[in-house]
Amino acid sequence: MRIYTYGKVLKIIGFISALILMFSSIAIFFIKDLDKNPNFNLYYIFIPFSIIFFIISILGIRDILVSKVVITESYILSINAINTRKLRVEEIQGYKRGRNYVFVYPKKRVFKKKLKFSNYLSNVWEIENWLNSHSHNLDTLEQDREVKEFYKSTEFGFNDHDKERALKKAKKTTRIVNAISVILTITAIIFKDYKIISAIVLICIPLIIISIVFYYKGLIKYADKEEDETTIYPSVFWGIAAPIFLLFLIIIFTIDIFNTYNLWLPLLLLAIVIFILFIVGSKEYQVKSKKSYGKLIMLLLISLMYSHILIIFLNVTLDESKAIIYKSKVLEKNISKGKTTSYSLIFDIKELNVVKEKFNVSSSVYNKVNVKDSVVFLLKEGLLNIPYYNIKVNE
């Protein structure tokens, strides 16, 4: 019997890192002024991540303390922060080595779940040697199968040299595209004074990536590979996801839509078109496993987000309609306190059949008005007839 755990140095580093992550996640709850602008309340972004990171830090500490792998002549046992799993030699189909974990898969008839353990255990190579002598390296088998399919195809060239050159070029292009996209996204966050220019650049990035993916005829994929997945094809997931996620958050929190009735139909139609472009260009419509369905769902969600961005951006940016001004008296003022502080005013707009409607406002607007004071409600029609509004103090 042999037992494998984390080394002492790695345990110390991991424990300190987990504690730093834990205290950082707690500290976020005490940061002030993140909710100054209610249209872009940073608490709604930071708090979910804070909770997630806190849970991760707890699991990380537990993992450091309890994780171990036991191997004998007849079985392998894995204990980690979440579960304990055991497979006998005759039950093992094979194993895969991911970026951070080694996965051991049971045979289908065994009806057991796969077990996994960290790549960073001391002498993990000894465990892999044991697995090699008792089962198959599934990474090698899957990659061999994918390589055979690649060389069999004539889409990427008529000889092996041309195909290899095309794949090498696709990988290089992917690295460049991902790097440029992420850098431009971070730049847009830093330089807030150039909102329109940044938005136009970030909106164009996915369109450029779609064109590049089509050019490479399926050599480049959108979906990132799973932890236990081996593939020869590069992915532009971060290149396309980074600008879309940022723009989606900005639009959701900064543009107030008065009525979404005219939004849903163009949103769904455009999302379908973009989704088709995604899967046709990358050839990810070819479902080879259960994981393919997850990747398709992910692409559909990204298509919906990007469609929402395009529609709202065009609706607001190219809108030349004049704002219709409505004046109303404040009926009530509300402050909602909790993890975040939100400010709202309640008032009527009789011309729009709005009765005692609650509207979120900034803290500055909230502090400038009292009950029975007047506010100005600015309503614009929108290029695509999706009305949006802004609330100001009646000076």
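Here we summarise the structure given alongside this text. (Residues numbered from 1 in each chain as written. Predicted model: local features only at pLDDT ≥ 70, side-chain atom pairs only at ≥ 80, totals over all residues. Heavy atoms only, no water.)

Some points on the overall build of the protein
Note the following rule: Runs of H or I in DSSP of at least four residues are treated as helices and runs of E of at least two as strands, each being numbered from the N terminus. Categorising residues by exposure relies on relative accessible area from a 1.4 Å probe, with only protein chains included: less than 20% of the type maximum marks a residue as buried, more than 50% marks it as exposed, and the intermediate range marks it as partly exposed. Contacts are assigned to residue pairs with any non-hydrogen atoms lying within 4.5 Å of each other. Note on areas: Shrake-Rupley with a 1.4 Å probe; residue coverage comes only from the protein chains shown. By the counting rule applied here, Lys and Arg register as positive and Asp and Glu as negative, while His and the ends of each chain are not counted. Think of each charge as sitting on NZ of Lys, CZ of Arg, CG of Asp or CD of Glu.
On a plain count of helices and strands, the protein comes out with 10 helices and 14 strands. Based on the C-alpha atoms only, the size of the protein along its principal axes is roughly 80 × 55 × 40 Å. Looking at the protein as a whole, 43% of its 395 residues qualify as buried. Intrachain contacts of the protein at a sequence separation of at least 6 include 61% that bridge at least 24 residues. Only carbon and sulfur atoms are counted for the fraction: they give 62% of the accessible area of the protein, which is about 23200 Å². Across the protein, 53 positive and 34 negative side-chain charges occur, with their mean positions spaced 4 Å apart.

Focus: the sheet that holds strand E4 (residues 84-88)
Formally: Here, strands pair whenever DSSP counts at least two bridges between them. Angles run from 0 to 180 degrees between N-to-C directions of axes, and those axes are lines fitted to C-alpha atoms, restricted for helices to the stretch in contact.
One open sheet holds the four strands; their spatial order is E1-E2-E3-E4, and the pairing between them is antiparallel. If you trace the sheet from one side to the other, it starts and ends with strand E1 (2-4) and E4, each paired once. Strand after strand, the sheet turns through a mean of 15 degrees between neighbouring axes, direction not considered. In this sheet, strand E3 (residues 75-79) lies alongside strand E2 (residues 68-71) in antiparallel orientation, the contact comprising four bridges. Paired with lysine 68 across the strands is isoleucine 79, a residue of E3.

What about a nonpolar patch on the surface?
Here is the rule we go by: By definition, no residue in a patch forms a salt bridge, and every one has over 30% relative accessible area; like charges are joined within 9 Å, nonpolar side chains (Val, Leu, Ile, Met, Phe, Trp, Tyr) within 5 Å. Each reported salt bridge corresponds to a side-chain nitrogen of Lys or Arg within 4 Å of a carboxyl oxygen of Asp or Glu.
On the surface, Ile176, Ile180, Leu184, Ile186, Ile189, Ile190, Phe191, Tyr194, Ile197 and Val201 cluster together into a nonpolar patch covering about 930 Å² of accessible area. Elements that contribute at least two residues to the nonpolar patch include exactly helix H5 (160-190) and helix H6 (195-215). On the basis of relative accessibility, which here comes to 45%, the residue isoleucine 186 falls in the partly exposed class.

Quick notes on the nonpolar core
Here is the rule: Nonpolar core, defined: a set of buried Ala, Val, Leu, Ile, Met, Phe, Trp, Tyr and Cys residues in which side-chain atoms within 4.5 Å join the residues together.
Ranked by internal contacts, the top residues of the largest apolar core, which has 47 residues, are Ile209, Leu219, Tyr222 and Phe278. Looking at this core, the elements that each hand over two or more residues are H5, H6, helix H7 (237-254), helix H8 (264-282) and helix H9 (290-317). When residues in this core are grouped by element, the largest group, 11 residues, is from H9. In contact with isoleucine 209, not counting residues within four places along its chain, are Val177, Tyr222, Val236, Gly239 and Ile240.

Comments concerning the pattern of salt bridges
In total, this model carries five salt bridges according to the counting rule given. A salt bridge links glutamate 126 to arginine 2; its shortest N-O distance comes to 3.4 Å. Of this pair, glutamate 126 sits in helix H3 (residues 124-134) while arginine 2 sits in strand E1; the two residues are 124 residues apart in sequence, bridging distant segments of the chain. One salt bridge in this structure joins aspartate 162 and arginine 165, with 3.3 Å as the shortest N-O distance. You can see aspartate 162 and its partner arginine 165 sitting in helix H5, three residues apart, about one turn around the helix. A relative accessible area of 23% places aspartate 162 in the partly exposed class. Owing to a relative accessible area of 54%, arginine 165 belongs among the exposed residues under this scheme.

Some thoughts on the environment of glutamate 320
Mapped onto the elements of the fold, glutamate 320 is located in the loop between H9 and strand E10 (324-337). A sequence separation of 60 residues divides glutamate 320 from lysine 380, and the C-alpha atoms of the two residues are 9.0 Å apart.

Observations concerning the environment of serine 344
Tracing the sequence through the fold places serine 344 in strand E11 (residues 341-349). Looking at serine 344, the relative accessible area reads 2%, which means it is buried. Along the primary structure serine 344 and isoleucine 200 are separated by 144 residues, whereas in three dimensions their C-alpha atoms are 32 Å apart. Setting aside residues no more than four positions away along its own chain, serine 344 makes contact with Glu332, Lys333, Asn334, Lys358, Phe359, Asn360, Val361 and Tyr366.

Concerning the environment of isoleucine 346
By the secondary structure assignment, isoleucine 346 is in strand E11. Separated by 13 residues in the primary sequence, isoleucine 346 and phenylalanine 359 place their C-alpha atoms 6.3 Å from one another.

Re the packing of helix H4 (residues 138-152) against H5
Heads up, the condition is: The scheme is simple: roughly parallel for angles under 35 degrees, roughly antiparallel for over 145, roughly perpendicular for 65 to 115, oblique for anything else. Each residue gets one of three labels, nonpolar for Ala, Val, Leu, Ile, Met, Phe, Trp, Tyr, Cys and Pro, charged for Asp, Glu, Lys and Arg, and polar for the others, Gly among them.
One way to put it is that H4 packs onto H5 with a least axis distance of 10 Å and a crossing angle of 115 degrees. As far as their axial angle goes, H5 and H4 are roughly perpendicular. Residues Phe150, Tyr151 and Lys152 of H4 form the contact with H5, whose own contacting residues are Asp160, Lys163, Glu164 and Leu167. Within the contact of H4 with H5, the residues separate by chemical class into three nonpolar, no polar and four charged.

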